[in-house]
Amino acid sequence: MTELNQVKVQVLLDIINSSAHQAIAEYNKTGHGVPGIDAGTLHPLDSATDTLALRKAIRLLEGACEQLNTILAPPQHTAYNFVNNFNWACIDVALQSRIADVLDKHPQGLSVDALANAVDLDKAKIARVLRVLALRGCFKEVKRDVFANTRLSLVLKSKSNVAAYIQRHRDFAKYATVLHETMTDQDFARSSEVDKTPRAFALRKEGKDDKFWEMDDEARDIFHRSMAGYSEIQSCSAVLHHYPWDNVSSVVDVGSGTGAMSIPLAKMFPNLRITNQDLPEAVELSRNTWEKNAPEALRGGHIEFVPLNFLEESPVVGKDVYYLRSIIHDWPDNESMVILHNIRKVMAPNSRVLIHECVLLRPFEEPDVGDYEFSKAPEHTLLNFGSHTPHHLDMVMWLCFNGKERTLNEIKNIAASAGLALTQTYDLVGTMLLEFQIAQD
C-alpha cells in the first residue's frame, strides 16, 4: 500500500508538471508570454472570451496541487487551513475602501500614509490588510510601506463586474454562520421552500424581511453587474465559441438580466434574432445596457425585450433556442420543473433548451448517464478534478435560495418531468452546457 501511495504522489507530480506546461503554452500563443505575479497590468488572456484550453490546464493544476498538499501534510495542518483563512475579509476591506482605485492612479506605488489619508482608514491596519493579500499576489509592497496594484488586485476596482460579485460574498458569510441553526430549527430544518433559507433565517434574527428579488434601482444595478462578474469568473463566454450558433436563427435568453450573455452573442452573431426576457424592472435596465454597450445591434432590428415572470408565464413562442444561464440552480426542484414546463409549452418541434449551469459529480452515482461527453479527471485525482468550486456554489444556492447545483441525472430528471430529453453536453470547465429537445414518445 505504501508503494501504491507513492505512485499516486508521482502521478500528481506529473499532472502538475504537464498541466503547468500546457498553461504556459497557452500564454505563449498570445505573443505576450507568461504573466508575472507582480505584473501591474492585465494579460490579454485575462479578457479573452475563449480560454477553455487554459482553464482545462488550470483545473488540473489546482486540483493536483491541493490533493498533493492534503496527502503529504499532517491532517491537523490541513483541517486548520480549512478555517484559517481571512483573505475574504481583507478583500472586503479593499473593495469597500476602493484601494485598487486609489492605487490605479499611482502605478509606481503609494505610501501607506497617503493611502490611509485617501481612504480615511488607519495606516497600520491598512498595511496589515494589504500584506495579507500581497502574500497571494494581490497588491504588492514595492518598498517599505509603499504599495501598488498587481494584475490580481486590478480586478477589485470599483467599476469591475468581478468586484461586484466578490463583494456579495460578505453577505454569504453572514448567512453561513446560521447554517447549523437552520438545520436544527423546527420550521427550517426540513424545508426546501424559498422562504426557508439560511438567508431568511439570518435576516429574521436581525428583524429584517427577506425580500431578495425586491430591490431599489441601485441594488438592482449592483446585482446585475455581479451576475456579469460571475459570468466572467466562470468564463461563461466559452459558450459563444463551443456551441453551433451558426445553425441557430432565434434565441430567447430566459432570465436575461442585463444581457451578460445576449450582448456578446449578438456581437458575434449579428444575424441572430434575440429575445431578452426577465422581470419588467430587469428588462428596462437591460434595454438601457444594450443602448450603452451594443447600440449597433439594436439598430439592426433583431433584438427585442419582453417582460416575463417565468414561474407564472411562458416565454415567446416557437424560437430555435431557449437559453437559461444560472437560472435553474436558483430554485428548488418544484419551481425548476415549473420553469421548464412553461418553456416546453411554447417550443416548436425542433426547438432546443440550453441549460448552462455547474454540474456536480459524486462518487457511487450517475448509473445511467449514457454516452454523453464528460471530461474525466485523470486516475488518482479527486472527483471534480479536486475542484471544490461547484460544491461551494451549491452552498451559495442553498444559503440564498434553497436552490442547488445538481448532478447530470438530477437535471435530466427535472427536464424529463417537463417532457424534455438530453441530447448533448459541452464541458466548458466550471460550468456545462446541456442541450435538451422535446422527448419522443
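For the structure itself, consult the block above.
Draft legend 1. Spotlight on the side chain of S19. Along the polypeptide, S19 turns up in helix α1 (residues 2–29). Here I15 takes part through its backbone oxygen, which lies 2.6 Å from a polar atom of the side chain of S19. With sequence-adjacent residues up to four places away left out, S19 is seen in contact with A57, L60 and L61.

Draft legend 2. Spotlight on the packing of aromatic side chains. Per the stated rule, a full pass over the model turns up six aromatic pairs. Arranged with centres 5.5 Å apart and planes meeting at 55°, the rings of Y165 and Y230 form a pair that is tilted. Residue Y165 is located in helix α8 (residues 161–167), and its partner Y230 is located in helix α12 (residues 217–233); the two are separated by 65 residues in the primary sequence. Note on accessibility: Y165 and Y230 belong to one class, buried. Ring geometry for W290 versus F305: centroids 6.1 Å apart, planes at 85°, classification edge-to-face. Taken together, the residues W290 in helix α15 (residues 280–293) and F305 in strand β6 (residues 303–307) connect sequence positions 15 residues apart. On the basis of relative accessible area, F305 is assigned to the buried category, the value being 13%. Lying across the ring of F188, K196 places its NZ or CZ 5.9 Å from the centre.

Draft legend 3. Broad picture of the environment of N117. Position of N117 relative to the elements: it lies in helix α6 (residues 112–119). Along the chain, N117 and N309 lie 192 residues apart, while their C-alpha atoms are 48 Å from each other.

Draft legend 4. Structural detail: a nonpolar patch on the surface. Taken together, the side chains of Y80, F82 and V83 present a nonpolar region at the surface, about 400 Å² in accessible area. With respect to the element layout, Y80 can be found in helix α3 (residues 75–83).

Draft legend 5. Up close: the sheet that holds strand β2 (residues 140–143). The sheet built from three strands is open, its strands ordered β1-β3-β2 with antiparallel pairing. If you trace the sheet from one side to the other, it starts and ends with β1 (110–111) and β2, each paired once. Where β1 and strand β3 (residues 146–148) come together, two bridges link them in antiparallel fashion. Looking across to β3, one finds that S111 is bridged to V146.

Draft legend 6. Local environment of the side chain of D330. Considering the arrangement of structural elements, one finds D330 in the loop between β7 (321–325) and α17 (333–344). One buried charged residue, D330, remains without a salt bridge, the closest side chain of opposite sign being R168 at 8.0 Å. A distance of 3.3 Å separates polar atoms of two side chains, one belonging to D330 and the other to H329.

Draft legend 7. Representation of the pairing of strand β8 (residues 352–357) within the structure. Across the six residues that make up β8, a large majority, six, are buried. Here β8 shows no split at all, with R352, L354 and H356 on one side and V353, I355 and E357 on the other all buried. Note that β7 and β8 share five bridges and pair parallel. Bridge pairing links R325 to H356 in β8. As a crossover connection, the stretch from β7 through α17 into β8 is right-handed. Here β8 runs beside strand β12 (residues 432–438); their pairing, made up of six bridges, is antiparallel.

Here is what the cut-offs are and how they apply
Residues numbered from 1 in each chain as written. Predicted model: local features only at pLDDT ≥ 70, side-chain atom pairs only at ≥ 80, totals over all residues. Heavy atoms only, no water. Helix = DSSP H or I, 4+ residues; strand = E, 2+ residues; numbered from the N terminus. Polar contact = N/O pair within 3.5 Å; in protein donor to acceptor, adjacent residues only side chain to side chain. Contact = heavy atoms within 4.5 Å. Phe/Tyr/Trp six-rings, centres within 6.5 Å; stacked < 30°, edge-to-face > 60°. Buried < 20%, exposed > 50% of the residue type's maximum accessible area, 1.4 Å probe, protein only. Lys NZ or Arg CZ within 6 Å of the ring centre and 35° of its normal. Patch = residues over 30% accessible without salt bridge, like charges linked within 9 Å, V, L, I, M, F, W, Y side chains within 5 Å. Areas by Shrake-Rupley, 256 points an atom, 1.4 Å probe, with all protein chains shown as cover. Salt bridge = Lys/Arg side-chain N within 4 Å of Asp/Glu carboxyl O. Pairing = 2+ DSSP bridges. Lys, Arg positive; Asp, Glu negative; His and termini not counted. Right-handed = clockwise from strand over helix to strand, strands pointing away.

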